[in-house]
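Chain and residue survey
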Amino acid sequence: MIRMSEVVLGNTLALWGGSLALALLAFGGLILLRRMLAYRIAAWARQTATEWDDILADAIRVTHSLTLLSVSVYAASRLLQLPDVAERGLDRLLFIALMLQVGRWGSALIQARMATRTVRSAREGNGASTTHLGILAFVMRTALWVVVLLAMLNNLGFDITALIASLGIGGVAVALAVQNILGDLFASLSIALDKPFLVGDFIVVDNLMGTVKHVGLKTTRIQSLSGEELIVANNDLLKSRIRNFKHMDERRVVFSFGLTYDTPHELLEALPEQLRAIIAGLEQTRFDRAHFKSFGAYSLDFEVVYYVTSADFNLHMDIQQAINLALMRHLRALGVEFAFPTQSIQLTHVPA
């Protein structure tokens, strides 16, 4: 017959049973408390406009059951007389569980904050946050878990200084092996900080053009005008000449045309002012200049410069079309023709 006063591993069976009952009771109570708090705070968060109660609800939601079990076992073990080795093991177990939970809480906090800022920036039309918040969140989570890992290793008795030194030497070798990937990673950080372009910007890179859809850790995705998705390495982007049309306030337009050589002098002299009147009569335009520029191989060449006070390309083409049609009507009314490539052949009769 088993007697409760019998001693096993330095403690009576009664103490072992009481400790086990306390651990189970504490674990069940913590699980119930987590569920009640998650329900109450989530209901409260739905009724408020602040974000901190939502973050608190996320923190409770990501509280792992193993963390609660570790706390329950550690609290119950205080009833027992354990060897120093066992106590140190329980201390380290609790510390590792708590540090892992801190990492989960920190990750949830970073993700919630970044998600809130991303939604707010998208509502305000700020593409900068959409561009760099994802990269910033990745860097912050990586730094957090590195600190958690180093703290756990230090608690387990590892020499962190020597470990960091060895990682530094190994890191050089790894960096040389994956330098292209690291180059794209640092390029993404440069894009996030310097902001040469943002999500939603229309850019031209060499012979590629399109709207920026996503900036990742290694590549940037661009939706081209013809519909396909272009995927460009971030490092290649920063090495290229980027033309960003998003913040263009107005568009400078230069166009030329040629008239035939038999155009009367008076019409040539009056044409710049007539072009000024045509362009000034259109909305969202600002006339700059119009000149009889040069004598071409087969035409009298004019050059016209004006500004469209909008970055809308479709509006620019509508205005250019209106100018072209008005210019054609005006020249036809005057009986003047546009020049086109011609070639004259002169035949000389040689007497026999």
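Refer to the preceding data block for the structure.
All of the points below concern the structure found in this document.

Cut-off values and rules
Residues numbered from 1 in each chain as written. Predicted model: local features only at pLDDT ≥ 70, side-chain atom pairs only at ≥ 80, totals over all residues. Heavy atoms only, no water. Helix = DSSP H or I, 4+ residues; strand = E, 2+ residues; numbered from the N terminus. Buried < 20%, exposed > 50% of the residue type's maximum accessible area, 1.4 Å probe, protein only. Contact = heavy atoms within 4.5 Å. Areas by Shrake-Rupley, 256 points an atom, 1.4 Å probe, with all protein chains shown as cover. 1 Å grid on protein atoms, 1.4 Å probe; cavity = no way out; pocket = protein on both sides within 12 Å on 5 of 7 lines; lining within 4 Å. Points joined across faces, edges and corners; volume = space filled by probe spheres on them. Nonpolar A, V, L, I, M, F, W, Y, C, P; charged D, E, K, R; others polar. Axes fitted to C-alpha atoms, helices over the stretch in contact; angles between N-to-C directions. Left-handed = near helix turned anticlockwise from the far one by under 90°. Pairing = 2+ DSSP bridges.

Side note on the overall build of the protein chain
Summing up its helical and strand segments, the protein chain has 10 helices and 10 strands in all. The buried share of the protein chain, reckoned over its 352 residues, is 32%. Within the protein chain, contacts between residues at least 6 apart in sequence are counted, and of these 63% link residues at least 24 apart. For the protein chain, the exposed surface amounts to about 22,500 Å²; the carbon and sulfur share of it is 62%.

Regarding the layout of surface pockets
By volume, the largest pocket is sized at about 270 Å³. Within the residue set of the lining of the largest pocket, elements represented by two or more residues are β3 (202-205) and α10 (313-334). Tallied by class, the residues present in the lining of the largest pocket amount to 8 nonpolar, 1 polar and 3 charged.

What about the packing of helix α9 (residues 265-280) against α10?
It is at 11 Å that the axes of α9 and α10 come closest, and there the two elements cross at 145°. Considering how the two elements wind past one another, α9 and α10 form a crossing that is right-handed. Contact residues: α9 offers Leu267, Leu271, Gln274, Leu275, Ile278 and Ile279, while α10 offers Ile323, Ala326, Leu327, His330, Leu331 and Leu334. Along the lines of polarity and charge, the residues of the contact of α9 with α10 split into 10 nonpolar, 2 polar and no charged.

Regarding the sheet that holds strand β8 (residues 251-259)
In a beta sheet, neighbouring strands are held together by backbone hydrogen bonds and run either parallel or antiparallel to one another. If you trace the 3 strands from one edge of the open sheet to the other, you get β8-β10-β9, paired in antiparallel fashion. Edge positions in the open sheet fall to β8 and β9 (285-295), since each of these has one partner strand only. Mean inter-strand twist for the sheet, computed between neighbouring axes without regard to direction, equals 20°. The pairing of β8 with strand β10 (residues 300-308) spans 9 bridges and is classified as antiparallel. When the sheet's bridge partners are listed, Val253 is paired in β10 with Tyr306. Of the strands in this sheet, β8, β9 and β10 are in contact with α10, which crosses β8 at around 25°.

Section: the pairing of β9
Alignment of β9 against β10, held across 9 bridges, turns out to be antiparallel. Looking across to β10, one finds that Ser294 is bridged to Asp301. In this structure, the hairpin formed by β9 and β10 is closed by a connection of 4 residues.

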